[in-house]
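Single-letter residue listing:
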Amino acid sequence: MSERLEVVTIDGPSGVGKSTVSRMVAAKLGFTYLDTGAMYRAVALKSRLAGIDIDDESAMRLILSSLDMQLLPAASVDADVQVILDGINVTDQIRTQEISMLASAVSALKPVRDVLTGKQQEMGRQGRVVAEGRDTGTVVFPGAAWKFYLDAAPEERARRRAEQMRKKGQEVDEREILAQIIKRDRDDSERTIAPLKAAPDAVYIDSTAIGPDEVIGLVLEAVRNK
Ligand code: DC
């Protein structure tokens with residue numbers, strides 16, 4: 001496996017099941033799970049709590065220079081990674097709809113990407129990491145040994161998200177969810193810095209018609225065979 005970094009990257013659009021797959025793959029391999037999206041969400045929350053306009057570059061630079069953020073292992077394999085921001089556990093606070101939309105906007109800003117990409121590279125330097133995001137195979141870890149790009153039709157992603165929400169007892173407008181998914185896809189893939197796209201050497205997996213267990217099996221097989 002020569003000089004390639006012992007890192008698995010899993011990129012793809014929102015709602016494609018990357019988190020479920022990444023967590024399970026990390027658990028099976030005994031690697032650390034690195035949720036890069038959680039870091040963008042934490043910066044979004046910090047700017048929201050500080051009440052600043054994210055287009056105010058000097059204010060954003062202040063936020064970034066005083067960023068005190070830690071990612072701790074999730075309580076269980078099906079829970080989100082725990083995020084500690086300025087000493088406070090914000091694991092749930094970063095998962096609201098408002099912060100999702102703000103994280104998408106924040107993630108298009110170059111100073112934010114520069115700082116977070118540096119932190120992610122530092123976290124992956126020792127290897128044995130499963131990194132999940134949008135640009136982990138293209139920008140953060142171009143030298144990763146195993147790269148995957150998960151995709152699924154937007155309608156199927158909207159259907160899955162709606163089902164998840166219904167299970168939590170939330171009211172659901174599936175057409176609205178689909179519209180948001182399409183908007184986030186467009187914003188994430190059309191931005192100029194680190195857009196969402198598959199690395200040329202990534203294994204492309206379309207999960208429209210297959211479940212998470214099958215995707216996890218495909219990923220583990222590819223990792224073990226290379
Ligand atoms: O994966 P997620 O939904 O938690 O990500 C939150 C936002 O951060 C999403 O709009 C895309 C952005 N993001 C990014 O631009 N680059 C990454 N490596 C991870 C997430």
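Okay, so let's go over this structure. (Residues numbered from 1 in each chain as written. Predicted model: local features only at pLDDT ≥ 70, side-chain atom pairs only at ≥ 80, totals over all residues. Heavy atoms only, no water.)

## Some words on the pattern of salt bridges
Within this structure, the stated rule accounts for 21 salt bridges. Between Arg128 and Glu6 there is a salt bridge, and its shortest N-O distance comes to 3.6 Å. Residue Arg128 is found in the loop between α5 (110–124) and β6 (129–133), and its partner Glu6 is found in strand β1 (residues 5–11); the two are separated by 122 residues along the sequence. In this structure, Arg191 engages Asp188 in a salt bridge whose closest nitrogen and oxygen atoms are separated by 3.7 Å. An identical accessibility class is assigned to Arg191 and Asp188; each is buried. Each of Glu156, Arg159, Arg160, Glu163 and Lys167 takes part in a single network of salt bridges with overlapping partners. (Salt bridge = Lys/Arg side-chain N within 4 Å of Asp/Glu carboxyl O. Helix = DSSP H or I, 4+ residues; strand = E, 2+ residues; numbered from the N terminus. Buried < 20%, exposed > 50% of the residue type's maximum accessible area, 1.4 Å probe, protein only.)

## Digging into the environment of Val219
Its place among the elements puts Val219 in helix α9 (residues 212–224). Exposure remark for Val219: the relative accessible area of 0% places this residue in the buried category.

## Things to note about the site of the ligand
Around the ligand lies a shell of 14 residues, among which Arg41, Arg113, Arg134, Asp135 and Arg191 are the nearest. Here an oxygen atom of the ligand sits 2.9 Å away from a polar atom, N or O, in the side chain of Arg113. Contacts to the ligand include Arg184, whose side-chain N or O atom sits 3.1 Å from an oxygen atom. Considering the ligand on its own, with 450 Å² of exposed area, one finds that the protein chains cover 96% of that surface. Elements supplying a minimum of two residues to the shell around the ligand: α2 (36–50), α4 (97–106) and α8 (174–190). Looking at the shell around the ligand element by element, the count peaks at four residues for α2. Along the lines of polarity and charge, the residues of the shell around the ligand split into two nonpolar, five polar and seven charged. (Near = heavy atom within 4 Å. Polar contact = N/O pair within 3.5 Å; in protein donor to acceptor, adjacent residues only side chain to side chain. Areas by Shrake-Rupley, 256 points an atom, 1.4 Å probe, with all protein chains shown as cover. Nonpolar A, V, L, I, M, F, W, Y, C, P; charged D, E, K, R; others polar.)

## Some thoughts on the pairing of strand β4 (residues 82–85)
Bridge count for strand β3 (residues 69–72) against β4 is four bridges, and the pairing is antiparallel. Across the sheet, the residue bridging to Met69 is Leu85, located in β4. In terms of strand pairing, β4 meets strand β5 (residues 88–89) through two bridges, oriented antiparallel. Pairing of Leu85 across the sheet is with Ile88, part of β5. Two successive antiparallel strands, β4 and β5, enclose a turn made up of two residues, where Asp86 displays a positive phi of approximately 50°. (Pairing = 2+ DSSP bridges.)

## Topic: the packing of helix α7 (residues 154–167) against α8
Close contact between α7 and α8 brings their axes to 9 Å; oriented N to C, the two are set at 125°. Taken together, the axes of α7 and α8 are oblique relative to one another. By crossing handedness, the relation of α7 to α8 is classed as right-handed. Between α7 and α8, the residues in contact are Pro154, Glu155, Arg157, Ala158, Arg159, Arg161, Ala162, Met165 and Arg166 and Glu174, Ile177, Leu178, Ile181, Ile182, Arg184 and Asp185, respectively. Its residues placed into classes, the contact of α7 with α8 shows eight nonpolar, no polar and eight charged. (Axes fitted to C-alpha atoms, helices over the stretch in contact; angles between N-to-C directions. Parallel < 35°, antiparallel > 145°, perpendicular 65-115°, else oblique. Left-handed = near helix turned anticlockwise from the far one by under 90°. Contact = heavy atoms within 4.5 Å.)

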